[in-house]
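# Structural overview
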Amino acid sequence: EKQLVLKPDALSFEAAASVPTAAITALQGLRDKGRIQPGQKVLVEGAYGGVGTFAVQIAKSFGAEVTAVCSTRNVQIARSIGADHVIDYTQQDFSRNGQRYDLILAANACHSIFDYRRALNPEGICVTVGGKASLSAMLLGLLLSLILSLFGSKKNYGILAKLNNKDLVLLKELLESRKVVPVIDRCYPLCDTAEAIRYLEEGHAQGKVVITFPS
């Protein structure tokens, strides 16, 4: 019961199913690790996926100025969920365009730790949620992040979501006020779960992929 909350009445079961882990990860990454504040410049890398689409909207709800990083096909989605600025990574590298951010949430970590640190303001924080590297490379990157964070004012952190009632209640309020709207790419029936996983592993899902059960 400490990890549950009633579904908002206006939310479909499919939309509700897409929320908990991804939205909690975005919330805790921005608020707890990233220490987000109103007026900050926040960049969300991987703004098209499950965590990324929630992160853009949650950062906006905290009063941040949000820059979304995604591919060309996802630019419109990023704009539709409230991003103030959108960077198409096929056209521009955010880590080398001279812009600086107070907080970076790397929901699809494709850059090196040094790239992220270059794009941070002094006292800036980078929170890494996921990535395409192997497990050993991710662990090495986490270790390097911890070492680098001991020197200088810029900080790098990883995040592992912890489901809890308090944060789910907060998300429920954001959902009911329409400040956060789940983005669902596709729904698959239970019998097509293998195909759903194959599609997800291709890395092109826009938002969440949901498995539905027969009624």
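Placed above this text is the structure.
Report follows, based on the coordinates. All values derive from a computational prediction rather than experimental measurement. (Residues numbered from 1 in each chain as written. Predicted model: local features only at pLDDT ≥ 70, side-chain atom pairs only at ≥ 80, totals over all residues. Heavy atoms only, no water.)

### Details of the packing of aromatic side chains
Defined as follows: Pairing of aromatic rings covers Phe, Tyr and the six-membered ring of Trp, with a centre-to-centre limit of 6.5 Å; geometry is then stacked below 30 degrees between planes, edge-to-face above 60, and tilted otherwise. Per the convention used, a helix needs a DSSP run of H or I reaching at least four residues, while a strand needs a run of E reaching at least two, with both numbered from the N terminus. Each residue is placed in one exposure class: buried if its accessible area under a 1.4 Å probe, protein chains only, is under 20% of its type's maximum, exposed if it is over 50%, and partly exposed if it falls in between. Sitting over a ring, as applied to charges here, requires NZ of Lys or CZ of Arg to be within 6 Å of the ring centre and within 35 degrees of the ring normal.
Under the definition given, this model contains two aromatic pairs. With a centroid separation of 6.2 Å and 25° between ring planes, the pair formed by F94 and Y116 is classed as stacked. Residue F94 is found in the loop between β3 (85-88) and β4 (101-106), and its partner Y116 is found in helix α5 (residues 113-118); the two are separated by 22 residues along the sequence. Looking at F94, the relative accessible area reads 1%, which means it is buried. With centroids separated by 6.4 Å and ring planes inclined at 45°, the aromatic side chains of Y188 and Y199 adopt a geometry described as tilted. In this pair, Y188 sits in strand β7 (residues 184-189) while Y199 sits in helix α8 (residues 193-201), placing the two residues 11 residues apart along the sequence. There is no split in this pair, since Y188 and Y199 are both buried. Across from the ring centre of F13, 4.7 Å away, lies the NZ or CZ of K7, which sits over that ring. The ring of Y199 has R186 sitting right over it, with the charged end atom 3.8 Å from the ring centre.

### Overview of the pairing of β7
Keep this limit in mind: We treat two strands as partners when DSSP finds at least two bridges between them. A crossover gets the label right-handed when its path from the first strand over the helix to the second runs clockwise, viewed with the strands pointing away from the viewer.
Where β7 lies against strand β8 (residues 208-212), five bridges are found, and the strand directions are parallel. Each residue of the ladder has a partner; that of C187, found in β8, is V210. With respect to chirality, the unit in which β7 leads through α8 into the neighbouring parallel β8 is right-handed.

### Concerning the sheet that holds strand β1 (residues 41-45)
Here is the rule: Each axis is a line fitted through C-alpha atoms, and for a helix only the stretch in contact is used; angles between axes span 0 to 180 degrees, taken between their N-to-C directions.
Across the sheet, six strands lie side by side as β3-β2-β1-β4-β5-β6; this open sheet has parallel pairing. Every interior strand has two partners, whereas the edge strands, β3 and β6 (155-158), have only one. On average, adjacent strands in this sheet sit at an angle of 15° to one another, irrespective of strand direction. Pairing of strand β5 (residues 120-128) with β6, which is carried by four bridges, proceeds in the parallel orientation. Opposite T128, over in β6, you have G158 as the bridge partner.

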